[in-house]
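# Coordinate inspection notes
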Amino acid sequence: MNMRQLEAFRATIRSGSITGAAQVMHVSQPSVSRLVADLEHSVGFPLFVRAGRGLTPTAEARRFYAGVEGMFQGID
């Protein structure tokens, strides 16, 4: 797990989509998808339920996000 993966996860949660996260991060959509997939592998559980073109955060992702957000607030 690295900071860039956490940034991609945070941006995806905040924007509600991989595409939105990519725009916020100024990177390509495949880059964000890869970062989130690598983070899912690292944490050992799915972060999003993928349905068609949409994403829904899992219950675990919402709990994880609270910790990630707290970490970023501490850094800011």
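Remember, it's a predicted structure, so these values are computed and weren't measured experimentally.

### As for the side chain of Glu40
When you line up the elements, Glu40 lands in helix 3 (residues 29-43). There is a polar contact of 3.5 Å between the side chain of Glu40 and the backbone nitrogen of Phe48. Within the structure, Glu40 has its side chain in polar contact with the side chain of Arg50 (distance 3.3 Å).

### Observations regarding the pairing of strand 2 (residues 54-57)
Two strands pair when backbone bridges link them, and strand 1 (residues 48-51) and strand 2 are joined in this way by four bridges, in the antiparallel orientation. Looking at strand 2, one finds that Val49 is bridged to Thr56. In sequence, strand 1 turns back onto strand 2 through a hairpin of two residues, with Gly52 there showing a positive phi of about 65 degrees.

### A short note on the nonpolar core
Generally speaking, nonpolar side chains in soluble globular proteins are found buried as a group. Of all hydrophobic cores here, the largest spans 20 residues; its most connected members are Phe9, Val32, Leu39, Leu47 and Phe64. Elements supplying a minimum of two residues to this core: helix 1 (3-15), helix 2 (18-25), helix 3 and helix 4 (59-75). The residues touching Leu39, leaving out its near neighbours within four places in the chain, are Met1, Gln5, Leu6, Phe9, Leu47 and Phe64.

### Things to note about the environment of Gly54
Here Gly54 lies in strand 2. Residue classification places Gly54 among the partly exposed positions, given a relative accessible area of 32%.

### Description of the packing of helix 1 against helix 3
Packing of helix 1 against helix 3 brings their axes to within 8 Å, and their N-to-C directions diverge by 110 degrees. Judged by the angle between their axes, helix 1 and helix 3 are roughly perpendicular. Listed contacts from helix 3 to Arg4, Gln5, Leu6, Ala8, Phe9 and Thr12 of helix 1 are Val32, Leu35, Val36, Asp38 and Leu39. For the contact of helix 1 with helix 3, the residue count by class is seven nonpolar, two polar and two charged.

Rules used in this analysis
Here, residues in each chain are numbered from 1, in the same order as that chain's written sequence. With pLDDT at 70 or above as the cut-off, local features in this predicted model cover only qualifying residues; side-chain atom pairs require 80 or more to be listed or tallied, and sums for whole chains, interfaces and linings still use all residues. To get the side-chain values, all heavy atoms of the structure are used, and hydrogens and water are removed first. Only DSSP runs of H or I covering at least 4 residues are called helices, and only runs of E covering at least 2 are called strands; the numbering of each starts at the N terminus. Within 3.5 Å is the distance limit for a polar contact, defined as a pair of N or O atoms, with the added protein rule that one can donate a hydrogen and the other accept it, and that residues adjacent in sequence qualify only through two side-chain atoms. By this definition, two strands are paired if DSSP reports at least two bridges between them. In this description, a nonpolar core means a group of buried Ala, Val, Leu, Ile, Met, Phe, Trp, Tyr and Cys residues linked to one another through side-chain atoms lying within 4.5 Å. Note on classification: 1.4 Å probe, protein chains only; a residue is buried when its accessible area is under 20% of the maximum for its type, exposed when over 50%, partly exposed between these limits. When checking whether two residues touch, look at their non-hydrogen atoms; a contact exists if any pair is within 4.5 Å. Axis definition: a line fit to C-alpha positions, over the contact stretch in the case of helices; interaxial angles, taken between N-to-C directions, run 0 to 180 degrees. Our angle categories are set so that under 35 degrees counts as roughly parallel, over 145 as roughly antiparallel, 65 to 115 as roughly perpendicular, and the remainder as oblique. Under the grouping applied here, Gly and all other residues not named as nonpolar or charged are polar, the nonpolar ones being Ala, Val, Leu, Ile, Met, Phe, Trp, Tyr, Cys and Pro and the charged ones Asp, Glu, Lys and Arg.

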